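One letter stands for each residue in the lines below.
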Amino acid sequence: MDNEILEYKCPSCGGKLEFNTKGQNMKCPYCDTEFDVESVKNLAEDRSNDKEDEFEWKRESENKWSEDDGMAVYSCKSCGGEIVCEDVTAATSCPYCGNPVVFVGNLSGELMPDLVIPFKLDKNAAKEGLKRHLSGKKLLPKVFKNENRINEVKGIYAPFWLFDTDADAKIRYHATRTRFWCDSNYNYTETLHYALIREGNLAFDNVPVDGSEKLDDTLMESIEPYNFDEAVDFKTAYLSGFLADKYDVDSEQSQPRANERIKRSTENAFMSTTVGYATVVPERSYVRTTSGRVRYALLPVWLMTTEWKGKKYTFAMNGQTGKFVGDLPTDKKAFFKYFALWFTGISAAAMGLLYLLWLM
Amino acid sequence: MKKTIIITAFAVILSLLMPIISFASPDMPPYPVVDEADVLSDYEEDQIANKLIALFKEHKMHFAIVIINDLGAETPYSYADSYYHNNGFGYGKDKSGILLLLAMSSRDCYIYTYGEAERKFGNSELTELEEAMLPYFGEDEFYNGFMAYAGACDSVLSFDILGSLLIAVLIGAVISLIIVFSMKSKLKSVRPQKTASNYVRSGSFTLTKDLDLYLYRTIVRTRRAETNSGSRGSGGGSRGGGRGGKF
């Protein structure tokens, strides 16, 4: 595999730099010195000239793991330990010394992302998000809440395809207006029928579609939206201290999902112009996208998993906005208990109300 | 939790006790049975009167039965109306009561209602009374007919505990199911995005064609429901409600 490991060393003490979500810069966890991302990038470029060292681990990985295995082996440049990971991994940490490493080969050439939204929220924020997510839910088993042991909190830059496009649409609706009146003998209902024709266009920017096979598409959509005003040009330095994968679902495979969402949004926008009618039913909808542009981006996601009664529960938090999602189990006993309480109370109140109505 | 249980239990007990809260025995209105046509034996008349008096005590309105031979020149409504008011029928400030008039020669049967009774005995209730008694009157079984009429009056005015309980249980089941399923839905937060509306470029929506074409119209005509003429009398001096027919 033609890949290289990129690490960011502190120019001050030689420690491994990590991306600082609060300051939006690089920070040394050992001497607390902070550096500008651009400066660290220049340093990284400088370090990347050391071709011979990189050549060594390439040969080693090719000997032990084939591409078909879907795995790759690298050697940590800090401690020499062997890093075994999936071949889509773009950033991880050394299992021996814990130093963050970035595999540049998975982030260069065609695999180089166009954009990245840096993490704004750290691991503690993710843990707090989980606490909030579990609170105030009366049907959540107490044991799950009390004994909840999160296996791991992973900050991951998830690969996404971003679709920009202009959507031209022509939609025809059948609409009706209704009027009622009566005379001494009959009730009348008059229905006026119309054909509504709407043509126009609508533009979309950065419609995201999950580009990772192993990340659940619905989970990734649940933590939307992202604010792409805060997206920046990709620099590997942002990945330091986080996990990252390269895409393994290409943009072509992702297009149908983007088309589906764009079409529905376009239809909704056009439907909003059909006011003043009793009923409006679409008869024919034609949506065509033009000037389509696809970009590759890495977006920040905090992932947490836990197991309960043999079932795996995955939680995700938007690393930019803090939106937290994750399905939770239901306490069946609590479900029936609350049902019985509400049922008894409401039935008694209804009985009393019926009696009062009878008295009146 | 305990507080909720106590409040709930109190509400249940209160709602069940309300129908049997006692009330003071009211002053008696005129004797409830007038049998000028002599279709009832003395014993039957007493039995019916006792039943009607019991109804009066329970429901605080006057229940009367008047059986005459002939209406003369009057309509059943005007006869019943005059009889009711000229003989001091009714109970309470609004003179509430229900009078069943039978004219034997013309076989007219009229239920006259006044005051609170007029409101309590609407069309559906009057139908209930008619369905209970008219089959007996048709066979000249007047005692049974009057007893069935009294029973139907009691049924109409009594609080239908079983029926109400069924309705209350249904309401309770439906609302509580909505509540607990709404609580359950809070446990699910992983949902796909149906649209891309968050990513619409601001101000980009433009309509190049916006046409509303009128095509045609349809008119549906349905006959109006007949207004029931029996709910209120139409004779001179009309004051009460009711309706009647032949038996």
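In the block above lies the structure referred to throughout.
What counts, and at which threshold
- Residues numbered from 1 in each chain as written.
- Chains lettered and ligands numbered in written order.
- Predicted model: local features only at pLDDT ≥ 70, side-chain atom pairs only at ≥ 80, totals over all residues.
- Heavy atoms only, no water.
- Salt bridge = Lys/Arg side-chain N within 4 Å of Asp/Glu carboxyl O.
- Helix = DSSP H or I, 4+ residues; strand = E, 2+ residues; numbered from the N terminus.
- Buried < 20%, exposed > 50% of the residue type's maximum accessible area, 1.4 Å probe, protein only.
- Axes fitted to C-alpha atoms, helices over the stretch in contact; angles between N-to-C directions.
- Parallel < 35°, antiparallel > 145°, perpendicular 65-115°, else oblique.
- Contact = heavy atoms within 4.5 Å.
- Nonpolar A, V, L, I, M, F, W, Y, C, P; charged D, E, K, R; others polar.
- Left-handed = near helix turned anticlockwise from the far one by under 90°.
- Polar contact = N/O pair within 3.5 Å; in protein donor to acceptor, adjacent residues only side chain to side chain.
- Pairing = 2+ DSSP bridges.
- Core = buried A, V, L, I, M, F, W, Y, C linked by side-chain atoms within 4.5 Å.
- Phe/Tyr/Trp six-rings, centres within 6.5 Å; stacked < 30°, edge-to-face > 60°.
- Lys NZ or Arg CZ within 6 Å of the ring centre and 35° of its normal.

Asks: Would you mind going over the pattern of salt bridges in detail, with residue names and values included?
Replies: Residue and element names in this part refer to chain A. Inspection of every chain in the model, using the stated rule, returns 23 salt bridges over all chains. Note that Lys 120 and Glu 230 form a salt bridge whose closest N and O atoms lie 3.2 Å from each other. Separated by 110 residues along the polypeptide, Lys 120 in the loop between strand 9 (115-116) and helix 3 (123-134) and Glu 230 in the loop between helix 5 (217-222) and strand 12 (232-233) bring together distant segments of the chain. By relative accessible area, Lys 120 is classed as partly exposed at 39%.

Asks: Explain the packing of helix 2 (residues 42-59) of chain B against helix 6 (residues 142-157) of chain B residue by residue, including any values.
Replies: All names here are of chain B. As a packed pair, helix 2 and helix 6 sit with axes 10 Å apart at the nearest point and diverge in direction by 10°. Classified by the angle between their axes, helix 2 and helix 6 sit roughly parallel to one another. Taken together, the residues of helix 6 that come into contact with helix 2 (itself represented by Glu 44, Gln 47, Ile 48, Lys 51, Leu 52, Leu 55, Glu 58 and His 59) are Tyr 143, Phe 146, Met 147, Ala 150, Gly 151, Cys 153, Asp 154 and Leu 157. For the contact of helix 2 with helix 6, a count of residues per class yields 9 nonpolar, 3 polar and 4 charged.

Asks: Describe the packing of helix 5 (residues 123-138) of chain B against helix 6 of chain B, and please don't skip the residues or the numbers.
Replies: All names here are of chain B. With their axes 7 Å apart at the nearest point, helix 5 and helix 6 run at an angle of 165° to one another. It follows that helix 5 is roughly antiparallel to helix 6 by the angle criterion. In terms of crossing hand, the pair formed by helix 5 and helix 6 is right-handed. Residue-level contacts link Glu 125, Glu 128, Leu 129, Ala 132, Met 133, Tyr 136 and Phe 137 of helix 5 to Phe 142, Asn 144, Gly 145, Phe 146, Ala 148, Tyr 149, Ala 152, Cys 153, Ser 155 and Val 156 of helix 6. Class assignment of the residues belonging to the contact of helix 5 with helix 6 gives a composition of 12 nonpolar, 3 polar and 2 charged.

Asks: Quick one: what's the story with the interface of chain B and chain A, residue by residue and with numbers?
Replies: Often, the extent of an interface is quoted as the loss of accessible area upon association of its parts. Counting residues at the interface gives 67 residues for chain B and 81 residues for chain A. Where chain B meets chain A, there are 6 salt bridges. For Glu 190 of chain A, the salt bridge goes to Arg 217 of chain B, with nearest N and O atoms at 2.2 Å. Our count for the chain B to chain A interface comes out at 41 residue pairs in polar contact (both at pLDDT 80 or more).

Asks: Explain the side chain of Gln 320 of chain A to me, using residue names and the numbers behind them.
Replies: Looking at where Gln 320 of chain A falls in the secondary structure, it is placed in the loop between strand 15 (311-318) and strand 16 (324-325). Gln 320 of chain A has contacts with Ile 117, Lys 120, Leu 121, Tyr 226, Asn 227, Glu 230 and Pro 300 of chain A, leaving out every residue within four places of it along the chain.

Asks: Give a detailed account of the sheet that holds strand 4 (residues 108-114) of chain B, specifying residues and quantitative values.
Replies: All names here are of chain B. The mixed open sheet is built from 5 strands, whose spatial order is 1-2-3-4-6. Of all strands in the sheet, those bounded by a partner on one side alone are strand 1 (33-35) and strand 6 (241-246). Taken pair by pair, the neighbouring strands of this sheet meet at an average axis angle of 10°, ignoring direction. Judged from the 6 bridges that link them, strand 4 and strand 6 form a sheet pairing that is antiparallel. Note on strand 6: the bridge partner recorded for Ile 111 is Arg 243. Lying on the sheet, helix 5 is in contact with strand 3 (97-103), strand 4 and strand 6; it crosses strand 4 at an angle near 150°.

Asks: Give a detailed account of the nonpolar core, specifying residues and quantitative values.
Replies: Formed by 78 residues in total, the largest nonpolar core has its most connected members in Met 26, Tyr 157, Met 220, Leu 239 and Val 301 of chain A. Ile 65, Ile 67, Phe 142 and Phe 146 of chain B belong to the second-largest nonpolar core, a separate cluster that totals 33 residues.

Asks: If you had to explain the environment of Lys 188 of chain B to someone new, which residues and values would you point to?
Replies: On the secondary structure map, Lys 188 of chain B appears in the loop between helix 7 (161-185) and strand 5 (206-223). At 3.5 Å, the side chain of Lys 188 of chain B forms a polar contact with the side chain of Asp 327 of chain A. Side-chain polar atoms of Lys 188 of chain B contact the backbone oxygen of Val 190 of chain B, separated by 3.2 Å.

Asks: Requested: an account of the packing of aromatic side chains, with residues and values cited.
Replies: Going through the model one piece at a time under the given rule, you end up with 38 aromatic pairs over all chains. Linked through ring pairs, Tyr 77, Tyr 79, Tyr 83, Tyr 84, Phe 89, Tyr 110, Tyr 112 and Tyr 114 of chain B together constitute an aromatic cluster. When the ring centre of Tyr 194 of chain A is taken as origin, the NZ or CZ atom of Arg 177 of chain A, which lies over that ring, is 5.0 Å away. Above the plane of the ring of Tyr 338 of chain A lies Lys 337 of chain A, whose end atom (NZ or CZ) is 4.9 Å from the centre.

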